[in-house]
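# Descriptive structure summary
Next come the chains, spelled out residue by residue.
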Amino acid sequence: MYISAYRGLEEYAYTKRSDIKRYIKWLYNADKDGIFVAKIGHKIVGFIFFCHRWWDRIYGEIGEIHELAVASEYKGRGIGKALMQKAMSSLQRYNKIFGLWVGEKNETAKRFYKKFGFEEKGKVGKWIRMIKIKKE
């Protein structure tokens, strides 16, 4: 599923199965309560991993979206939006500031995150830092 989600965006993804497995394990262990999975029938078609308490050197403790992936054949069906809404609802119980990183050429993802109120705040290499500050 992960490989399918990054079709055409391989420069931002792990491509070896052993690396993908280690990465998914790291994501899971970072916050065991920070995962939602989308399934159709018995097939996993998307997932989101996030941390309720992540440390950012500029903003301090924030909610962090680490990975949002939807299988390519299921994109455009609202799965990513539903996963993001559930994650943000969970994160907002603990945080007022939220962050994520997105590939600089991934215009579709940047537009998607901007719809959720994220703004581009910086860049490191090929990664764009996006931040959302919850308004009171």
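You'll find the structure just up there.
Chains are numbered independently. Their residues run from 1 in the order of the written sequence. Only residues with pLDDT of 70 or above have their local features reported here, since the model is predicted, and side-chain atom pairs are shown and tallied only from 80 upward, although totals for entire chains, interfaces and linings are computed over all residues. Hydrogens are left out, water is left out, and the side-chain values use all remaining heavy atoms of the structure.

### Some words on the overall build of the protein chain
Helix and strand labels come from DSSP, where a helix needs a run of H or I of at least four residues and a strand needs a run of E of at least two; each type is numbered from the N terminus. Counting its secondary structure elements, the protein chain contains 4 helices and 6 strands. Computed over its C-alpha atoms, the radius of gyration of the protein chain comes to 14 Å, within 12% of the 14 Å expected for a compact globule of 136 residues. Oriented by its inertia axes, the alpha-carbon framework of the protein chain measures out at about 40 × 30 × 30 Å. Relative accessibility decides the category of a residue: with a 1.4 Å probe and only protein chains considered, values under 20% of the type maximum give buried, values over 50% give exposed, and everything between is partly exposed. Buried positions account for 43% of the 136 residues belonging to the protein chain. A fraction of 54% describes how many contacts in the protein chain between residues 6 or more apart in sequence connect residues 24 or more apart. Counting only carbon and sulfur atoms, one obtains 52% of the accessible surface of the protein chain, whose full area is about 8400 Å². Within the protein chain, one finds 29 positive and 15 negative side-chain charges whose respective centroids are separated by 4 Å. This radius of gyration counts C-alpha atoms alone. The globule rule is 2.2 Å times how many residues there are, raised to the power 0.38. Whether two residues are in contact is decided by their heavy atoms, any of which lying within 4.5 Å being enough. Note on areas: Shrake-Rupley with a 1.4 Å probe; residue coverage comes only from the protein chains shown. Counted as positive: Lys and Arg. Counted as negative: Asp and Glu. His and the chain ends are not counted at all. Throughout, a charge is located at the NZ atom of Lys, the CZ atom of Arg, the CG atom of Asp or the CD atom of Glu.

### Structural notes on helix H4 (residues 107–115)
Structurally, the α-helix is built with 3.6 residues per turn, so residues lying three or four positions apart point the same way. Buried within H4 we find Ala109, Lys110 and Tyr113. Buried residues along H4 cover an arc of 100° about the axis, so they all sit on one side. Relative to its buried face, H4 has exposed residues pointing more than 90 degrees away, namely Thr108, Arg111 and Lys115. Residues of H4 that are buried sit in contact with strand E3 (60–70), helix H3 (79–91), strand E4 (97–103), strand E5 (119–124) and strand E6 (127–133). As used here, the arc is the angular range of directions from the helix axis to the C-beta atoms.

### Notes on the pairing of E5
Note on pairing: DSSP must find at least two bridges between two strands before they are called paired. In this sheet, E6 lies alongside E5 in antiparallel orientation, the contact comprising 5 bridges. Of the residues in E6, the one forming a bridge with Gly122 is Arg129. Linking E5 to E6, which pair antiparallel, is a turn of 2 residues; within it Gly125 sits at a positive phi near 60°.

### Section: the pattern of salt bridges
A pair is scored as a salt bridge if a Lys or Arg side-chain nitrogen falls within 4 Å of a carboxyl oxygen belonging to Asp or Glu. Counted according to the given criterion, the structure contains 10 salt bridges. For the salt bridge of Arg53 with Glu61, the shortest nitrogen-to-oxygen distance reads 3.5 Å. A relative accessible area of 45% means that Glu61 is categorised as partly exposed. Linking Glu120 and Lys114 is a salt bridge whose minimum nitrogen-to-oxygen distance equals 3.1 Å. Since its relative accessible area comes to 36%, Glu120 is described here as partly exposed.

### Some remarks on the packing of aromatic side chains
The geometry of an aromatic ring pair is captured by two quantities: the separation of the ring centres and the angle between the planes. Here a pair means two rings of Phe, Tyr or Trp (six-membered ring of Trp) with centres within 6.5 Å. Their orientation is stacked below 30 degrees between planes, edge-to-face above 60, and tilted elsewhere. Going through the model one piece at a time under the given rule, you end up with 10 aromatic pairs. Both rings, one in Tyr2 and one in Tyr6, keep their centres 5.0 Å apart while their planes meet at 45°; by these two values the pair is tilted. Of the two residues, Tyr2 and Tyr6, neither departs from the other in class, the shared state being buried. In this structure an aromatic cluster arises from ring pairing among Tyr2, Tyr6, Tyr14 and Tyr23.

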